[in-house]
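Structural description and commentary
Next come the chains, spelled out residue by residue.
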Amino acid sequence: MFFQRMAQVFPAYSVGGLNWSTLFYCRMKAAQDIIPYGKVQHLAMCLEEFCNPESQAFPQFKENMEMVKEMQTYVETHTQDLDNCLLGQKTPVSFATEVLRDKEEQRKQSPFKTETADLTSTYLLDLMQGWAAQPPSENNAVAEKLRAFTQHIDDSVRVLHRGALLLVRHSGPAKGTAVDAQHPLRFARLVEDARVGQPLRLTFHPYESDAVSVPRSAFVLLPTNVLAHVTSVKAMERLVEDSGYQVFQALITEIQNLADVMLEKQHVSTRLVHRAQQNDVTFFDRAALEHLRDVLDDTRLFRSNEFAALMLEVSTVSQKTLRNFMSKVEAGEITVFPATQDTQQQQLSHTDFSGYLKNTLKAYLGWCQCALEMLQMQRRELCNGNMKKDTTDWYLKRIKDDVNEFLAKAGYDFDAVPANYLEEKPSNVEAVRKNLQIVQSALSGEGTKVLVETLRKEIYARLDHYVLNMQAYMCEELNIAPDTFTVEEAERRFAALPETGSGQNKLISDLIKDIKYTIRMKYLDDTPSEKGGLDVVPVSGLILGRLCRFENELKTACQAWDIRLPPPPAAVAATSSIAIPTGLSSAALTPPVARHRPQPQPPLHSPPPTHGATIQPVPPARVQPAPMPAGNSVSNTSSNAGKVAQAVAAHNAAVAATTVMVLTHTHAHPNGHDLPPRSSSFIL
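Residues numbered from 1 in each chain as written. Predicted model: local features only at pLDDT ≥ 70, side-chain atom pairs only at ≥ 80, totals over all residues. Heavy atoms only, no water.

**Some words on the side chain of glutamate 241**
Summarising the element assignment, glutamate 241 is placed in the loop between α10 (233-237) and α11 (243-265). Classification of glutamate 241 by relative accessible area gives buried; the value is 15%. Apart from residues no more than four positions distant in its own chain, glutamate 241 is found in contact with Lys90, Thr91, Pro92 and Gln246. (Helix = DSSP H or I, 4+ residues; strand = E, 2+ residues; numbered from the N terminus. Buried < 20%, exposed > 50% of the residue type's maximum accessible area, 1.4 Å probe, protein only. Contact = heavy atoms within 4.5 Å.)

**Thoughts on the packing of aromatic side chains**
Under the counting rule described, the total for this entry stands at 11 aromatic pairs. Arranged with centres 5.9 Å apart and planes meeting at 45°, the rings of phenylalanine 248 and phenylalanine 353 form a pair that is tilted. In this pair, phenylalanine 248 is assigned in helix α11 and phenylalanine 353 in helix α16 (residues 353-384), connecting sequence segments 105 residues apart. On the accessibility criterion, phenylalanine 353 (2% relative accessible area) is buried. Through a chain of ring-to-ring contacts, the aromatic side chains of Trp20, Phe24 and Tyr74 assemble into a single cluster. (Phe/Tyr/Trp six-rings, centres within 6.5 Å; stacked < 30°, edge-to-face > 60°.)

**Examining the nonpolar core**
Note that soluble globular proteins tend to have their nonpolar side chains buried in a common cluster. Of all hydrophobic cores here, the largest spans 58 residues; its most connected members are Leu263, Val281, Leu289, Leu296, Leu361, Leu382 and Met474. Those elements that place two or more of their residues in this core are α11, α12 (270-277), α13 (286-296), α14 (305-330), α16, α19 (446-478), α20 (487-495) and α21 (503-526). It is α16 that provides the largest number of residues to this core, a total of 12 residues. Not counting the four nearest positions on each side in its chain, leucine 263 is found in contact with Val268, Thr270, Val295, Leu296, Leu361 and Tyr364. (Core = buried A, V, L, I, M, F, W, Y, C linked by side-chain atoms within 4.5 Å.)

**Here's the deal with helix α22 (residues 539-560)**
Compared with the 32 Å implied by 1.5 Å per residue over 22 residues, the 32 Å span of α22 between its first and last C-alpha is a close match. Of all 22 residues that make up α22, 20 are buried, and the element is covered over most of its length. Once α22 finishes, aspartate 562 follows within two positions and takes phi at roughly 55°, a positive value. (Expected span 1.5 Å × (residues − 1).)

**Overview of the sheet that holds strand β2 (residues 185-190)**
With antiparallel pairing, the 5 strands of this open sheet are ordered in space as β4-β3-β2-β1-β5. In this open sheet, the two strands that pair with only one neighbour each are β4 (212-214) and β5 (219-221). Going from strand to strand, the sheet's axes swing by 50° on average, the running direction of each strand aside. The sheet contact formed by strand β3 (residues 200-203) and β4 spans 3 bridges and is antiparallel. Considered in β4, the bridge of leucine 200 is made with valine 214. (Pairing = 2+ DSSP bridges. Axes fitted to C-alpha atoms, helices over the stretch in contact; angles between N-to-C directions.)

**Observations concerning the packing of α16 against helix α17 (residues 386-409)**
Contact pair α16 / α17: the axes reach a minimum separation of 5 Å and the direction vectors enclose 85°. Considering their axes alone, α16 and α17 lie roughly perpendicular with respect to each other. On the side of α16, the interface is formed by Gln378, Glu381, Leu382 and Asn384, while α17 contributes Asn386, Met387 and Asp390. Residues belonging to the contact of α16 with α17 are distributed by class as follows: 2 nonpolar, 3 polar and 2 charged. (Parallel < 35°, antiparallel > 145°, perpendicular 65-115°, else oblique. Nonpolar A, V, L, I, M, F, W, Y, C, P; charged D, E, K, R; others polar.)

Below, the structure written as structure tokens:
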């Protein structure tokens, strides 16, 4: 049946200088589908049987033997993408980045540095000579080396055969020759075999009518997992850049811009709309959001002359954009996936983009309603103290997790020091020494500077949002214009309030003190030379304090068990390259209470304290050494016991010097009902 159909093709092939790539590509364009991989394999088997001189099959077509042999050669060299629908297509930027990154990782991990033909030939010659010198029974080891070598041969010295499907860094149109390493990859096919050291002759055109030369450094072999996808239209679509989708997205963006222009005429801030989409709004935005909601929820908007004119403009812009897109496709200035080109163009031409205008305005309304509901919930959270608790819990956990991750990447072993390290000797002394070296290096390393700066930006961004909400609440309650708010003005108006003893006054007082605390935190971080106190510790102090706690814990364990300290890094021995804020006192650098990582730990610092709370010093519990087991030649000696006792005494003295405070207060709700006391303890 196949050759009966191909009998109609043979005359077209022999007339007009057509080739098999042209015929297969035109067939694919007409059918808008590719020949599946299974049928390609079946076709190859039929052609092999037909071209067999001893075969008596298809005698009526023997006169076309030369054309059939050419067809057989084409099929055998085009097993991947027989219809050439990928040639000239650009890959998505994300896909190209992933392929190039994997190639670079593979090159770095390869035990062979086969970057030149001479090195490759020399290595292979050594392998063959070694192979020949060994008895046949002992050739397995050399064979394994040879297999490993062939798997890691660099693409630049690999022998490539005609028809191979490649990815090439190519910046020009399908017929161009320019090469740009920053441009997404394009699919191309070799038109002739490429030996070692030779440039590549390949084509980007599906008719294979033009060939260009590119250096070997400009191509990448298709990964095996990508070749597995070159089997169906849907799978292949994901490998190419979707120009039609880009046009669609551009039209949607243009429609949003037109809708924004119309809303601006209604005195609506469209910037606020997009902030509402990202939930980036504060209490200051509530009035503007309510106005925006009322405008969008008014049914008269969709019956207005402005909206009718906008609908007409959207229709005109969409038609013009699509005509321009299709003309560029026909001129070859834009490449589209040919197997779905007609279907895609029909879908775009029949799309009612004016309907997207209504959907855009409805989406804006939904964002506003969600933002207003979120603000209402956040106002309740601010009044009952949950917003403050959630914010402080978040940044304390973020600091703890990021510092731990930072140390873990450097090889820190969190299980090296046992929970009761003053009574139980660490089982792995070298792990303790290595941990100490890692922490000391971190305290003076550039990586810690990056960690501190990254956390500062993220944490203070969220704290700024929290402060804005507090300011907005006080502007409402104290009748202050938002653009004239200052802490001093808030304190002046608060002092003028009558002494009612209500929870509302207590809440405003606490919010003023929390704002002052946050401002002080940022000031200490921005000016490390400024002298602070134990009541305020900035973000950088919390980060470096955690590292210092690890360092002193390790030093205490080494002193208690006579573990030789490792040589400190040169940068640490000289001076730390990180300025430790003075808000972190010497007490903050004392050895911490013994702890074990899997167990719950007290935070390094409490949430910003609500000023006016009762501060009660808590005496630290003394740690008593465990009795030494009899018969232990090391632990039972008086000298070692004395060292342990000295370490315990020094540890207890350090803990006693550490400020331990418990903040306990009753946070009154504005409605007059007291909430349960909130308490937090922290060790500076």
